[in-house]
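Reading the structure
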Amino acid sequence: MLVLARKIDESIVIGDNIVVKVIAVENGVVKLGIDAPKEISIMRSELLEEIVKTNRAAMGNSDENDITAISKLLGNS
């Protein structure tokens, strides 16, 4: 993991087209602005974890072979 220190209004660049800028620091909370192409998905990690948990529950008795097969059909492998 790369750890960087940034001040308000300073930013980092990821790849060629993603910019993460520190907008504010208030009461121990850092507010970030993220400028990225629309096709890049940006999501809070706790929300992503909840989605994964919900999707797994919805799959019920599906096994990993079912998931792999569906993933290949959708072109996600």
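A brief report on the enclosed structure follows. The shown structure was predicted, so the numbers you read here are calculated from the model rather than taken from an experiment. (Residues numbered from 1 in each chain as written. Predicted model: local features only at pLDDT ≥ 70, side-chain atom pairs only at ≥ 80, totals over all residues. Heavy atoms only, no water.)

Describing the sheet that holds strand β3 (residues 29-35)
One key point about sheets: their strands pair by backbone hydrogen bonds, in either a parallel or an antiparallel sense. The sheet built from three strands is open, its strands ordered β1-β2-β3 with antiparallel pairing. Every other strand in the sheet has two partners, leaving β1 (11-14) and β3 as the edge strands with one partner each. Ignoring which end each strand starts from, the neighbouring axes of this sheet average 25° apart. As paired elements, strand β2 (residues 18-26) and β3 share seven bridges and run antiparallel to each other. (Pairing = 2+ DSSP bridges. Helix = DSSP H or I, 4+ residues; strand = E, 2+ residues; numbered from the N terminus. Axes fitted to C-alpha atoms, helices over the stretch in contact; angles between N-to-C directions.)

A word on helix α1 (residues 45-59)
Along an α-helix, a turn takes 3.6 residues, which lines up residues three or four apart on a common side. Its 15 residues give α1 an end-to-end C-alpha distance of 21 Å, which sits within 8% of 21 Å, the value for a rise of 1.5 Å per residue. One or two positions beyond α1, positive phi appears at G60, with a value near 60°. (Expected span 1.5 Å × (residues − 1).)

Regarding the environment of D16
One can find D16 in the loop between β1 and β2. Residue classification places D16 among the exposed residues on the basis of a relative accessible area of 80%. Spatially, the C-alpha atoms of D16 and A36 are 9.7 Å apart, while their sequence positions differ by 20 residues. (Buried < 20%, exposed > 50% of the residue type's maximum accessible area, 1.4 Å probe, protein only.)

Looking at unusual backbone geometry
A negative phi angle is the norm for most residues apart from glycine, just as the trans form is the norm for most peptide bonds. The phi dihedral of D9 falls on the positive side, at around 75°, and the residue is not glycine. Residue classification places D9 among the exposed positions, given a relative accessible area of 54%. In this structure, N27 takes a positive phi of about 55° despite not being glycine.

Some details on the pattern of salt bridges
Opposite charge on two side chains permits pairing when their charged atoms draw close. Evaluated as defined, the whole model comprises three salt bridges. Where E26 meets K31, a salt bridge forms, and the shortest distance between an N and an O atom there is 3.3 Å. Relative accessible area serves as the criterion here: at 41%, K31 is assigned to the partly exposed category. (Salt bridge = Lys/Arg side-chain N within 4 Å of Asp/Glu carboxyl O.)

These values are about where atoms sit, not about what they do.
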